[in-house]
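Spelled out, the chains give:
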Amino acid sequence: MASTANADAPPTTPAPTTTVTRRLGHSFGKTDRFELSVEGGIGAYRDGPLRDASRLAGFGRIRAGLLHIFESRFDPDASPIFVSVGATYEASNLSPATLGLQTELVHVSSGLWGQFGGLVDVTRLEPGWMGALGWNVFGAEVQRRRYAHDDGVVQSDWALFGKLHIPVTLLIDAL
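Let's talk about the nonpolar core
Inference 1: Leu-67, Ile-69, Phe-82, Val-106, Trp-113, Leu-119, Met-130 and Ala-132 form the largest nonpolar core, which has eight residues in total.
Inference 2: Broken down by secondary-structure element, the contributors of at least two residues to this core are strand S4 (53-70), strand S7 (112-121) and strand S8 (126-135).
Inference 3: The residues touching Val-106, leaving out its near neighbours within four places in the chain, are Pro-80, Ile-81, Phe-82, Leu-112 and Trp-113.
Inference 4: Of all hydrophobic cores here, the second largest spans seven residues; its members include Tyr-45, Phe-59, Tyr-147 and Ala-159.

This is the structure we're talking about:
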């Protein structure tokens, strides 16, 4: 039999949380936090004014920024989506120092991700952009940037890379 004090009490609603917890009990941590990722790639770029040859290219990049986790309020079984925005530093044989801003979207349950960003070659103050698509830690990236060819001519060209994308923060959380 219920007491009258409990019957008169208003119903309580659970307090909102800042932790994303999925159906299997795995927590992704806070919905807003610092994020760090490391990437490396190898590929080719077109070389020379006549664009008659391809050259081997490689890069290493680090991104530090903010991560936000979006989850469905209507479907608890829906996959969360991670959105990261951060500053990048890249070193490559195209430029020893490239700075940029990059945004990344990750669909957690499928492992699919995409990136887009702008970049500036700080040795020549030349702008460019990059876009990438991938699954899990593997991806492909295209860059449009200006760089000096072996003949000294500076012009815009495309580079295409296969790459590894290591989300350091998320891997640490998984351990």
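Topic: unusual backbone geometry
Inference 1: Phi is positive for Leu-125, which is not a glycine, with a value near 55°.
Inference 2: The topology assignment puts Leu-125 in the loop between S7 and S8.
Inference 3: Among the residues examined, Leu-125 registers a relative accessible area of 66% and is labelled exposed.

A short note on the pattern of salt bridges
Between side chains of opposite charge, a pair can form when the charged atoms approach closely.
Inference 1: For the structure on display, the rule yields nine salt bridges.
Inference 2: Residue Glu-39 is joined to Arg-61 by a salt bridge in which the shortest nitrogen-to-oxygen separation is 2.5 Å. Linking Glu-39 in strand S3 (residues 32-47) with Arg-61 in strand S4, this pair joins segments that are 22 residues apart in sequence.
Inference 3: The buried category is assigned to Glu-39, whose relative accessible area is 4%.
Inference 4: Looking at Arg-61, the relative accessible area reads 5%, which means it is buried.
Inference 5: Linking Glu-104 and Arg-63 is a salt bridge whose minimum nitrogen-to-oxygen distance equals 3.0 Å.

A closer look at the pairing of strand S6 (residues 98-107)
Inference 1: What you see with S6 is a clean split: Thr-98, Gly-100, Gln-102, Glu-104 and Val-106 sit on the buried side and Leu-99, Leu-101, Thr-103, Leu-105 and His-107 on the side with no burial.
Inference 2: Alignment of strand S5 (residues 81-92) against S6, held across ten bridges, turns out to be antiparallel. Within the sheet, the bridge partner assigned to Tyr-89 lies in S6 and is Leu-99.
Inference 3: In this structure, the hairpin formed by S5 and S6 is closed by a connection of five residues.

Some thoughts on the confidence of the model for the protein
Inference 1: When pLDDT is averaged along the protein, the result is 82, and 74% of the positions lie at 70 or above.
Inference 2: Within the model, the stretch residues 15-25 combines pLDDT values under 50 with 22 contacts to residues more than four positions away or in other chains.

Things to note about the environment of Ala-132
Inference 1: Structurally, the position occupied by Ala-132 is in strand S8.
Inference 2: Given a relative accessible area of 5%, Ala-132 falls into the buried group.
Inference 3: As a C-alpha pair, Ala-132 and Val-142 span ten residues in sequence and 6.3 Å in three-dimensional space.
Inference 4: Other than its neighbours up to four places away in sequence, Ala-132 contacts Trp-113, Gly-114, Gln-115, Ala-140, Glu-141 and Lys-163.

Quick notes on the environment of Phe-161
Inference 1: Within the secondary structure, Phe-161 sits in strand S10 (residues 154-166).
Inference 2: Spatially, the C-alpha atom of Phe-161 lies 8.8 Å from that of Tyr-45, the residues being 116 residues apart in sequence.
Inference 3: Aside from chain neighbours lying at most four places away, what touches Phe-161 is Gly-41, Ile-42, Gly-43, Ala-57, Gly-58, Phe-59, Leu-94, Gly-139, Ala-140, Glu-141 and Gln-143.

Conventions used here
- Residues numbered from 1 in each chain as written.
- Predicted model: local features only at pLDDT ≥ 70, side-chain atom pairs only at ≥ 80, totals over all residues.
- Heavy atoms only, no water.
- Core = buried A, V, L, I, M, F, W, Y, C linked by side-chain atoms within 4.5 Å.
- Buried < 20%, exposed > 50% of the residue type's maximum accessible area, 1.4 Å probe, protein only.
- Helix = DSSP H or I, 4+ residues; strand = E, 2+ residues; numbered from the N terminus.
- Contact = heavy atoms within 4.5 Å.
- Salt bridge = Lys/Arg side-chain N within 4 Å of Asp/Glu carboxyl O.
- Pairing = 2+ DSSP bridges.
- pLDDT = per-residue confidence, 0-100.

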